[in-house]
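# Per-entry structural report
One-letter residues, chain by chain:
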Amino acid sequence: MTTQQIEVSIVVPTYNEADNVAELVARIEAAVEGLAAEIIVVDDSSDETPAAVRREAARSPLPIRLIHRDVATGGLSGAVVAGLEASRGRWSVVMDGDLQHPPELIPVLVASGESENADVVVASRHIAGGADAGLSGALRHLVSTGATVLTRAMFPIKLRDCTDPMTGFFAVRRSSVDLSTLRPHGFKILLEILARTPLTVVEEPFVFAERHAGESKADLRQGFTFLAQIAALRFGRLSGFAAIGAVGAVANLGIMAALQAFGVWYLAAAIVAAVVTILGNFVLLERFVFHDLRDGAHSVWKRFAQSVAFNGTETAVRTGVLFLIVESTSVPGILAQALLIAVGFVIRFVYHSRVVYKPDRTTSPAPSASRVDGTLTATD
Ligand code: GDD
Ligand code: MN
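Just so we're clear, the structure is a prediction, and the values are computed from it rather than from any experiment. (Residues numbered from 1 in each chain as written. Chains lettered and ligands numbered in written order. Predicted model: local features only at pLDDT ≥ 70, side-chain atom pairs only at ≥ 80, totals over all residues. Heavy atoms only, no water.)

### Digging into a nonpolar patch on the surface
On the surface, Leu150, Leu220, Phe224 and Leu227 cluster together to form a nonpolar patch covering roughly 400 Å² of accessible area. Per-element accounting of the nonpolar patch gives the leading share, three residues, to helix 7 (residues 220-261). Following the sequence through the fold, Leu227 ends up in helix 7. The exposure class assigned to Leu227 is partly exposed, which follows from its relative accessible area of 44%. (Patch = residues over 30% accessible without salt bridge, like charges linked within 9 Å, V, L, I, M, F, W, Y side chains within 5 Å. Areas by Shrake-Rupley, 256 points an atom, 1.4 Å probe, with all protein chains shown as cover. Salt bridge = Lys/Arg side-chain N within 4 Å of Asp/Glu carboxyl O. Helix = DSSP H or I, 4+ residues; strand = E, 2+ residues; numbered from the N terminus. Buried < 20%, exposed > 50% of the residue type's maximum accessible area, 1.4 Å probe, protein only.)

This is how it looks when you write it as structure tokens:
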């Protein structure tokens, strides 16, 4: 089968799904009968999943490619983007590897996209005919519903035609999305795609089934990552930086006021408050604001040294100026400190964006860490 002939690339992200691979491929084979399809498995597993994929590839009439990543950059979302990059079809259908997404819907999604001339076809649990029966437990239902309502409220225009931005089952017209605009992180790649680009969306209902085998990888951490993702999509990096700066400023003033209330000299109080805030600031920036730039920047120790050195210097200078203001004017210490922190904020953002998280040309870019097996079938 030559490159031009592929109509549909089926992208399946996998993390320890060894016991699901054979069943998944068998059901896809039956579902795409008559379509020129390929399967691209993007795998970050530590189990036997790659061997199971190779076994299927050797047997299946469908071309099956395995991209096994040594570094799981961007997690599930990063895997999906890697699969979309490798897609040769006009359409890519993204689906989970645990059979919670019925493969029988693949041709329906593609046909709907063609006939409606859409960019994205979302398989939705929240329209007539859809259901999320396979979501385990009342808590997950509540979290899923809450996240869906919140997300649609935050992106009322981009998600106007999408009732299920949390779904991991959808088809995209490959030529309609510019993958370089995406910042994949966490579990919700469809939201990332729809929020970054204006696209025409149509939906098809589906029933979210029980997992075939193995267990879910969703956890509390994914919940926080999701919140950080919608904040980044809605407000951008500067706002995340500002929010964390504001938390730091409040903490700084709170610590200073508390220490002063216990009779600590204001300068000593300011120094203690500064040390706590600087360390906390670095941890939060790494986790929530510059997480997507960490891999391409220099090492964590260099970032830590640069961030702490800058903030330490800024604090020392600021505290010196604070001393001058308080000793030579009648401005209260807390007010002077608040004004100085505001000025420092702007300089700090520029420094962190341009220096601390600047892409490092001496480290190799993330994609080279992955290894792409050739198509493993004789039909290629
Ligand atoms: N390559 C890769 N890397 N795959 C991953 C990773 C990862 O770090 N984490 C999870 N996966 C794969 C799993 O192997 C599975 O095929 C798919 O992504 C979904 O992961 P699950 O662990 O089954 O998650 P879930 O069922 O709780 O969540 C799913 O349900 C949501 C709907 O509520 C996800 O598919 C979401 O995309 C979906 O919207
Ligand atoms: Mn699942």
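### Re the packing of helix 8 (residues 266-289) against helix 9 (residues 300-328)
It is at 10 Å that the axes of helix 8 and helix 9 come closest, and there the two elements cross at 150°. By the angle class used here, helix 8 and helix 9 are roughly antiparallel. The way helix 8 lies across helix 9 gives a crossing that is right-handed. Contacts between helix 8 and helix 9 involve Tyr266, Leu267, Ala274, Ile278, Leu279, Asn281, Phe282 and Glu286 from the first element and Val300, Arg303, Phe304, Ser307, Val308, Asn311, Gly312, Thr315, Thr319, Phe323, Val326 and Glu327 from the second. For the contact of helix 8 with helix 9, a count of residues per class yields 11 nonpolar, six polar and three charged. (Axes fitted to C-alpha atoms, helices over the stretch in contact; angles between N-to-C directions. Parallel < 35°, antiparallel > 145°, perpendicular 65-115°, else oblique. Left-handed = near helix turned anticlockwise from the far one by under 90°. Contact = heavy atoms within 4.5 Å. Nonpolar A, V, L, I, M, F, W, Y, C, P; charged D, E, K, R; others polar.)

### Observations regarding the UniProt feature "domain: GtrA/DPMS transmembrane" (unreviewed entry) in the protein
According to UniProt, the "domain: GtrA/DPMS transmembrane" (unreviewed entry) feature falls on residues 241-356. The annotated region residues 241-356 carries 84% helix and 0% strand content, and the separation between its end C-alpha atoms amounts to 14 Å. (UniProt positions renumbered as here; feature names shortened; annotations may be inferred.)

### Here's the deal with the domain arrangement of the protein
We note that the domain assignment places domain 1 (3-233) and domain 2 (237-356) within the protein. Here domain 1 and domain 2 have C-alpha centroids that lie 41 Å from each other. Taken together, the contact pairs seven residues of domain 1 with five residues of domain 2. Of the roughly 550 Å² buried at the junction of domain 1 and domain 2 (both faces included), carbon and sulfur atoms supply 53%. Area buried by domain 1 at its contact with domain 2 is led by Arg183, His185 and Ala228, which between them contribute 56% of it. On inspection of domain 1 and its partner domain 2, the count reaches zero salt bridges. Residue classes in the side of domain 1 that touches domain 2 are distributed as two nonpolar, three polar and two charged. (Domains from an automatic or database assignment. Buried area = accessible area lost by both parts, 1.4 Å probe.)

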